[in-house]
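Spelled out, the chains give:
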Amino acid sequence: MQRLGPWSREAWAALALQLLRPPRAPCAGATLHFRRVQGGLVQPPGREFAEARLKTQLESDKEKSNFVIKTPKGTRDLGPQQMAIREKILTAVISCFKRHGAKGLDTPAFELKEVLTEKYGENSRLIYELKDQGGELLALRYDLTVPFARYLAMNKIKKIKRYHIGKVWRRESPSITQGRYREFCQCDFDIAGHFDPMIPDAECLKIIYEILNALQLGDFLIKVNDRRILHGMFAVCGVPDNKFHLISASVDKLGKMSWKDVRQEMVGKMALAPEVADCIGVYIQQHGGVSLVEQLLQDPKLSQNKQAQEGLRDLKLLFEYLTLFGITEKISFDLSLARGLDYYTGVIYEAVLLQTAARQGEEPLGVGSVAAGGRYDGLVGMFDPKGRKVPCVGLSVGVERIFSIVEQRMEATEKIQVTETQVLVAAAQKNFLKERMKLIAELWDAGIKAEMLYKKNPSFLTQLHYCEETGIPLVAIIGEQELKDGVIKLRSVASREEVDIKRENIVTEIQRRMSES
């Protein structure tokens, strides 16, 4: 009998794949045959297939070994401390929205692609498009405003005051130091409906003022302008109609770029005549208050443009209302403010921090705009089959940028309590689990936020350390003597002061202390 030589590596792989393959019904030619080739055995018909399959498996294993666990670019996880800070910010924002009578609203995280396209100008390239999903072309929402307009048109709503807190997605270059991400949270407030001019607009500016004051971010300024003034200015300076959008985008860069660089972009890149650019420069480098509005109302060129005159008259009225609200010291009429979104039709505004100078132990942060908004009277009509318009004005607060500042300051100056727990139920000796569970149930039923450690006999020192680490202000202590005397020892973690409270009065005492803190 002829002796077979050693098998090749490919032959072993082919045999292993055949043996591991699940059984199937026999068919013609399905018998496993081997033939001798240069001292080895191979599977003639399936060798190429087996090798390809083995190669694919090896490549897959290599990819897995090189895989790095991380969050996608422009996103991040938020740990307990960061969530505690964010919740404080959102609580301040939402309480302000509710104080002004807004109702909550939510919309899907993704919309039909057609709903979002052609609403954001050149920023449309930043929309995250999704693959075909069951016959629908979808995209992640870019902001909360366009979905709100779609909601109004779809439900035939003509009047509403709403707020919306939700995530949006933009495919732009992230900058962590500036608080700019690809996935971020927006806080929107909008007033929809036909009302007298500038009253809702003034309230939106008052809301921005209240929120920034409440968050104590430092000195800030709210810039205001009007799209009608901007377009009127372009017209009287001689900008061709088809270049309004491009020149508006360049104007909006003033502040980030010098006027010299903005002018060079207009003339060189946009092919604008130098004298036209110089005319624009005379206007957009001006900023001030109501006196500037009155001055421009008498401007020889702007006084000949109906659109500009309408915008200036509305701004003058707006300043009257802002004076009544007592916030004009934070308002600046800035003719360089353009706002890039296509759907704005009237008043526009943007809040910027004047100084984010670093305190001791902080790094300086340049976060730019922290809130913005404006009037968009034509957006709802774009979704209505009959083109019926619902005038709207609103604002959006940039939570991520504000969060970057607040997070750094809180970490540098104070201990952050990651839970809202008010009291820890603790035992001074062993074998008091049942008593602890009875007491904590009573506290929970009374609406008191309480915790206990999940051990039968935790050491007293461990329980106190837990309170200090997590920021729990009170400890309710049960021990042999307390049980005998019918009291609970209530300890202040900060002062370490202890006082005996009658068992039946412990709920009332904790509630009293929490209301005073």
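- Per an unreviewed UniProt entry, the chain goes by histidine--tRNA ligase and derives from Phascolarctos cinereus.
- Per UniProt, the chain carries the Catalytic activity (unreviewed entry) text "tRNA(His) + L-histidine + ATP = L-histidyl-tRNA(His) + AMP + diphosphate + H(+)".
- Per UniProt, the chain has the following entry under Sequence similarities (unreviewed entry): "Belongs to the class-II aminoacyl-tRNA synthetase family."

## Description of the sheet that holds strand S16 (residues 474-478)
Now for step 1: Pairing within the open sheet is mixed, and its five strands lie in the order S15-S14-S16-S17-S18. Because the sheet does not close on itself, it has two edges, and the strands there are strand S15 (450-451) and strand S18 (498-502).
Now for step 2: Sheet strands touched by helix H17 (residues 506-516): strand S14 (423-427), S16, strand S17 (487-492) and S18. Its angle to S17, the strand with the most contacts, is close to 15°.

## So, the nonpolar core
Within soluble globular proteins, side chains that are nonpolar tend to cluster in buried spots.
Now for step 1: Counting residues in each nonpolar core, the largest one holds 80 residues, and the members touching the most others are Phe97, Met233, Ile280, Phe333 and Tyr349.
Now for step 2: Composition of this core by domain shows at least three residues from each of domain 2 (72-215 + 397-418) and domain 3 (219-355).
Now for step 3: Core analysis: the second largest hydrophobic core is formed by 26 residues, Leu126, Val146, Tyr343 and Val390 among them.

## Observations concerning the side chain of Glu451
Now for step 1: One can find Glu451 in strand S15.
Now for step 2: For the buried Glu451, which has no salt bridge, the nearest side chain bearing the opposite charge is Arg436, at an N-O separation of 10 Å.
Now for step 3: Polar side-chain contacts of Glu451 include one of 2.6 Å to the side chain of Thr421.
Now for step 4: At a separation of 2.7 Å, a polar atom in the side chain of Glu451 contacts the side chain of Tyr466.
Now for step 5: Ignoring anything within four residues of it in the chain, the contact list for Glu451 reads Thr419, Thr421, Val423, Leu424, Val425, Ile440, Tyr466 and Ile472.

Criteria and thresholds
- What you see as residue numbers is a count from 1 along each chain, following the sequence as written.
- Given that the model is predicted, a residue must reach a pLDDT of at least 70 before its local features are reported, and side-chain atom pairs must reach 80 or more before they are shown or counted; all residues, however, enter totals for whole chains, interfaces and linings.
- Working from all heavy atoms in the structure, the side-chain values ignore hydrogens and water.
- UniProt positions are given in the numbering used here, feature names are shortened, and annotations may be inferred rather than shown by experiment.
- Strands were regarded as paired on the criterion that DSSP finds at least two bridges between them.
- Counting from the N terminus, the helices are DSSP H or I runs at least four residues long and the strands are E runs at least two residues long.
- Contacts were defined at the residue level, with two residues in contact if any of their heavy atoms lie within 4.5 Å.
- Here an axis means a line fitted to C-alpha atoms, over the contact stretch when the element is a helix, while the angle between two N-to-C directions is reported on a 0 to 180 degree scale.
- Residues belong to one nonpolar core when they are buried, are Ala, Val, Leu, Ile, Met, Phe, Trp, Tyr or Cys, and are joined through side-chain atoms within 4.5 Å.
- To sort residues, take the accessible area from a 1.4 Å probe on protein chains only and compare it with the maximum for the residue type: under 20% means buried, over 50% means exposed, and anything in between is partly exposed.
- The start and end points of each domain follow an automatic or database-based domain assignment.
- Residues counted as positive are Lys and Arg, residues counted as negative are Asp and Glu, and His and the chain ends are not counted.
- For salt bridges, the criterion is a side-chain nitrogen of Lys or Arg within 4 Å of an Asp or Glu carboxyl oxygen.
- For the purposes of these results, a polar contact is taken to be a pair of N or O atoms within 3.5 Å, where, inside protein, one atom must be able to donate a hydrogen and its partner to accept one; residues adjacent in sequence count only when each atom of the pair is a side-chain atom.

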